[in-house]
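Summary of structural features
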Amino acid sequence: MSTTIDTEKGVAERSMGIGLRALNWLAGSDLLDRIRIRKGVERALFQGTKSGFRTATVAGRTFKAAQQLGKPARQPRSKSKGLFDITPDDEQQMFQEAGRTFAEEKIRPAAKAADDARETPAEILAQATELGVAMLGVPAELGGVMEEGAATTTALIGEALAHGDLGIAYAALAPGAVATAIGLWGTAEQEATYLPSFTGEEVPAAALALLEPRPLFDPLKLDTTAVRDGEDWVLDGAKSLIARAAACELFLVAADAEGIGPALFVVESGTKGLSVEDEPAMGLRPAATGRLILEGARVPQSALLGEGRREAYVECVQRARIAWASLSVGPAQAVLDYVIPYVNDRQAFGESISNRQGVAFAVSEIGIETNGMRLATYRAASRADRGEDFGREAAIARRLAAQKGMKIGSDGVQLLGGHGFVKEHPVERWYRDLRSAGVMEGALLV
Amino acid sequence: MINLEIPKKYKPLVNQANQVATEVFRPISRKYDEAEHAYPKELDMLASLIDGMNEGSSDLGGAGAAGVRRSSNGSDPAENRNGTNLSTVLGIIECCWGDVGLLLSMPRQGLGNSAIASVATDEQLERYGGKWAAMAITEPEAGSDSAAIRTTAELDGDEYVLNGEKIFVTSGDRADLIVVWATLDRSKGRAAIKSFIVERDNPGLKLDRLEHKLGIRASDTANFTLQDCRVPVDALLGDPEVKEKGFAGVMETFDNTRPLVAAMAVGVTRAALEETRRQLSSAGIEIDYDAPALAQPAAAARFLEMEADYEASWLLTLQAAWMADNSKPNSLQASMAKAKAGRTCVDVTLGCVELCGAVGLGEAELLEKWSRDAKILDIFEGTQQIQLLIVARQLLGKSSTELR
């Protein structure tokens, strides 16, 4: 693991976990030479060193604005050559390969234990951070690595990590959603206050909290309220299935804001009136999901993200749906990869069960629908990167993820029969996780 | 750089095709559904126009008559290419949004033309250029199992003598040429299967009847008997040698034509969805993409579900065509596209009829017609089940003897 670290020692020591080390280790030394990201990483290193980082405390660090820009920094839009193309660009392929290797070598082997324990090992979270997942949405001026829109890259990484395990991927990617939201819609002050933490080594556990515990939840019609009181906002409500809720230092809470409508508020974990309850669910278990309760939680005016523009909030809902669609593609592919050797090897009535059309066609369906889900997700994400409308495409990707993803999870278990129902095989976990991914709102972003 | 949109350079083509569909196909769509077997003479002028555009190397092909040759033009293989396969698929989608039966009836745009354009020698191309060619594969006892065909071709001097029966020949009555699949030696199986170009006025080619059909009624479907039908030796398309690879080559042309049929299905599906959206809107139901599907009226949720399947079909179809343009093996994706688009077209068009009730069933609108046209798209060029077999064999790494 460390041969390349030695040769890169000078950089690595300054890197503050920017991801260079991890990328090098994960993707092999030839990759780095191939990638254009290098310049971006080096500049990020330089800027990171220049601005420094807040000191972290266990009880929730103090977030304080430093080096505020005149106006908020944003990732520029991606430019297209106007040709149809399914191939990710070099930079995206680099992240994708790194994510795949990480998922295969570290995440998958840890998945069952993490699911049982309802906890993702700290080592894996740290390695994911080294991969750069928390800072994909951070504009380059503020130490981010991406030169332009990061939605497609984030979706590709999400798919790759979730191929290892969806719950671990959720835990690993959740803080990045907060950084992405602030990078997309935050004011210059909010960016300066919070984003530096996400480009360092000690990335805070953080959560984008939209989902509420009620049937037929609609993220545009929230039960959680934010009421004006003098210079403050006072928040009340409950938010569901937050990754590592108990460890979170920072929340972006969606609330129906008086006179504004649904909007996001930056709420630090030290805020009075917050409490966290454990909320175990059928899936996403390595993410140690919990419920955030807000009872008269008071935040300053400046906590309202990006002036509470409705378009920003709607875009947040849409981007989250793309993220969950990408996380569904991972386990859907994992089901396909797993059942193929199984049905080929499994013998019944004197031959391989995959010689039977009833079995073989089920495998075809998994392949076809996984491919469709993936393309729909890529389309939505790439539209977001180019600054085109993507609400329709996000809704469609989500629909496919929820419906086909669930079916794929079910067929994965079915094809293994009774063996699929017991925990010796991972298909029962994918069954639970694929159902879960289709239900989630918010929490992740591309 | 991932970009799954219609390429900028093909937007004029798509626009042109859409105008053809709107101005030429739609106004006569019902007329030729009712007047089955009547020749849609309105298409003659359009066909000339398309010939003219093809001369000017426009890509507005009909059912892929431009052929699907995988030309290597010496450009960098790593470079992303958008070419004939993609443009043809895009054109077909628009035309079939207008009327799939009429597209299938377009003079000089038959599947036979596609086969000729794909495998003919330069000399054959010259001889048969500008003619309308239909394709005759299916027989009463051989449908999906095209290796089981019984029509024979016997060499007699410098002629082949064809004998057998062919059914379901699209445009068989109207075409100038019929590309007939026949075997040189039934004992040698698929390796001996070759295709022969038969002139429509050959006295050995007898039209038995035209079928009356559920849908695509604008398109004539002919049954023939070949009785001592003599063709010159150079009417054989491709390599006359009997070898296993030959049949694989014939089947490979299907890798390129399956996305075209998938494109037809995508076009019909979109037509039904667009009309249904209008009908639902008039009933006070608007589709909201931001609200969760299940927090909306059931009709809207159903629509979203159908639109999601449509989108997957569209993307799979474009993927298969794009891979062909970029010389990537696409047999798997071509079958995925055909399977998904074919069944989606049937499910969606029938679903749209249900959502629109009596308006959907009635002949005042085209919804019921589209749902009848749809069914053939899940059957010809390989049924749903054949596509699933091909996909399964590829995914599982199985041969056709293991997975039957």
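Since the model is a prediction, treat every value here as computed from it, not as a measurement. (Residues numbered from 1 in each chain as written. Chains lettered and ligands numbered in written order. Predicted model: local features only at pLDDT ≥ 70, side-chain atom pairs only at ≥ 80, totals over all residues.)

1. Concerning the overall build of chain B
Along the backbone of chain B there are 11 helices and eight strands. Relative to the 2.2 N^0.38 estimate, which gives 22 Å for 404 residues, the radius of gyration of chain B is 21 Å and therefore close to what a compact globule would have. Counting only C-alpha atoms and orienting by the principal axes, one finds that chain B spans roughly 70 × 50 × 45 Å. By sequence separation, contacts in chain B at least 24 residues apart represent 75% of the contacts at least 6 residues apart. (Helix = DSSP H or I, 4+ residues; strand = E, 2+ residues; numbered from the N terminus. Rg over C-alpha atoms; globule rule 2.2 N^0.38 Å. Contact = placed C-beta atoms within 7 Å.)

2. Re the overall build of chain A
Scanning chain A from terminus to terminus reveals 15 helices and nine strands. For chain A, the proportion of its 446 residues judged to be buried stands at 57%. Long-range pairs, those at least 24 residues apart, make up 78% of the contacts in chain A between residues at least 6 apart in sequence. (Buried ≥ 20, exposed ≤ 12 C-beta atoms within 10 Å, placed from the backbone.)

3. Details of the interface of chain B and chain A
In this complex, chain B contributes 40 residues to the contact, which on the side of chain A involves 40 residues. Elements with a contribution of two residues or more to the side of chain B that touches chain A: helix H8 (298–325), helix H9 (331–361) and helix H11 (384–396) of chain B. Considering every element that reaches the side of chain B that touches chain A, the biggest residue donor is H8 of chain B, with 11 residues. The class makeup of the residues in the side of chain B that touches chain A is 26 nonpolar, four polar and 10 charged. (Nonpolar A, V, L, I, M, F, W, Y, C, P; charged D, E, K, R; others polar.)

4. Let's talk about the confidence of the model for chain B
For chain B, mean pLDDT is 91; residues scoring 70 or higher make up 92% of the total. This stretch, residues 57–67 of chain B, has a pLDDT under 50; its non-local contacts, to residues over four places away or in other chains, come to 46 contacts. (pLDDT = per-residue confidence, 0-100.)

5. Section: helix H7 (residues 122–130) of chain A
Regarding H7 of chain A, the residues found buried are Ile 124, Leu 125, Gln 127, Ala 128, Thr 129 and Glu 130 of chain A. Positive phi appears at Gly 132 of chain A, one or two residues downstream of H7 of chain A, with a value of about 95 degrees.

6. Looking at the nonpolar core
Ala 181, Ala 207 and Phe 265 of chain A are the most contacted members of the largest nonpolar core, which has 222 residues in total. Formed by 40 residues, the second largest nonpolar core is a distinct cluster that contains Ala 115, Ile 149, Ala 182 and Ala 192 of chain B. (Core = buried A, V, L, I, M, F, W, Y, C linked by C-beta atoms within 7 Å.)

7. Notes on unusual backbone geometry
Leave glycine aside and you will find that most residues have negative phi; peptide bonds, for their part, are mostly trans. For Ala 443 of chain A, which is not a glycine, the phi torsion comes out positive at approximately 70 degrees. Along the chain, Ala 443 of chain A falls in the segment after helix H15 (427–437). Taking the C-beta count within 10 Å as the criterion, Ala 443 of chain A has 26 such neighbours and is therefore assigned buried. In this structure, Ser 171 of chain B is a non-glycine residue whose phi angle is positive, near 60 degrees. Structurally, the position occupied by Ser 171 of chain B is in the loop between strand E3 (159–170) and strand E4 (177–183).

8. Regarding the domain arrangement of chain B
Residue and element names in this part refer to chain B. Along its sequence, chain B is carved into domain 1 (8–122), domain 2 (131–242) and domain 3 (245–396). Residue-level contacts link 22 residues of domain 1 with 22 residues of domain 2. Counting residues per element, the ones that place at least two in the side of domain 1 that touches domain 2 are helix H1 (11–34), helix H4 (100–104) and helix H5 (111–119). Sorting elements by how many residues they give to the side of domain 1 that touches domain 2 places H5 first, with six residues. (Domains from an automatic or database assignment.)

9. Description of H1 of chain B
If you check H1 of chain B, its first and last C-alpha atoms are 33 Å apart, about what 24 residues at 1.5 Å a residue would give, namely 34 Å. At Phe 25 of chain B, H1 of chain B is deflected by roughly 45 degrees, the largest bend along its length, and proline Pro 27 of chain B occurs up to four residues later in sequence. (Expected span 1.5 Å × (residues − 1). Bend = angle between axes of the 7 residues up to and from the residue.)

10. Quick look at the domain arrangement of chain A
Residue and element names in this part refer to chain A. The assigned domain composition of chain A is domain 1 (3–198), domain 2 (206–308) and domain 3 (311–437). Opposite the 23 residues of domain 1 that make contact, domain 3 presents 24 residues. By residue number, the principal contributor to the side of domain 1 that touches domain 3 is helix H8 (residues 151–164), which donates 10 residues. Classifying every residue of the side of domain 1 that touches domain 3 by side-chain character gives 11 nonpolar, eight polar and four charged.

11. Considering the packing of H8 of chain B against H9 of chain B
Residues and elements named next belong to chain B. Close contact between H8 and H9 brings their axes to 9 Å; oriented N to C, the two are set at 155 degrees. The pairing of H8 with H9 is recorded here as roughly antiparallel in orientation. Between H8 and H9 the crossing geometry is left-handed. Residues Ala 299, Arg 302, Met 306, Asp 309, Tyr 310, Ala 312, Ser 313, Leu 316, Thr 317, Gln 319, Ala 320 and Met 323 of H8 touch H9, and the partners they reach there are Gln 333, Ala 334, Met 336, Ala 337, Lys 340, Ala 341, Thr 344, Asp 347, Val 348, Gly 351 and Leu 355. Residue composition of the contact of H8 with H9, by class: 13 nonpolar, six polar and four charged. (Axes fitted to C-alpha atoms, helices over the stretch in contact; angles between N-to-C directions. Parallel < 35°, antiparallel > 145°, perpendicular 65-115°, else oblique. Left-handed = near helix turned anticlockwise from the far one by under 90°.)

12. Details of the confidence of the model for chain A
For any part of a model where pLDDT is low, the fine detail of the predicted coordinates should not be relied upon. For chain A, per-residue confidence averages 88 on the pLDDT scale, and 87% of positions sit at 70 or higher. In this model, residues 1–22 of chain A is a region of pLDDT below 50 whose contacts with residues beyond four sequence positions or in other chains number 38 contacts.

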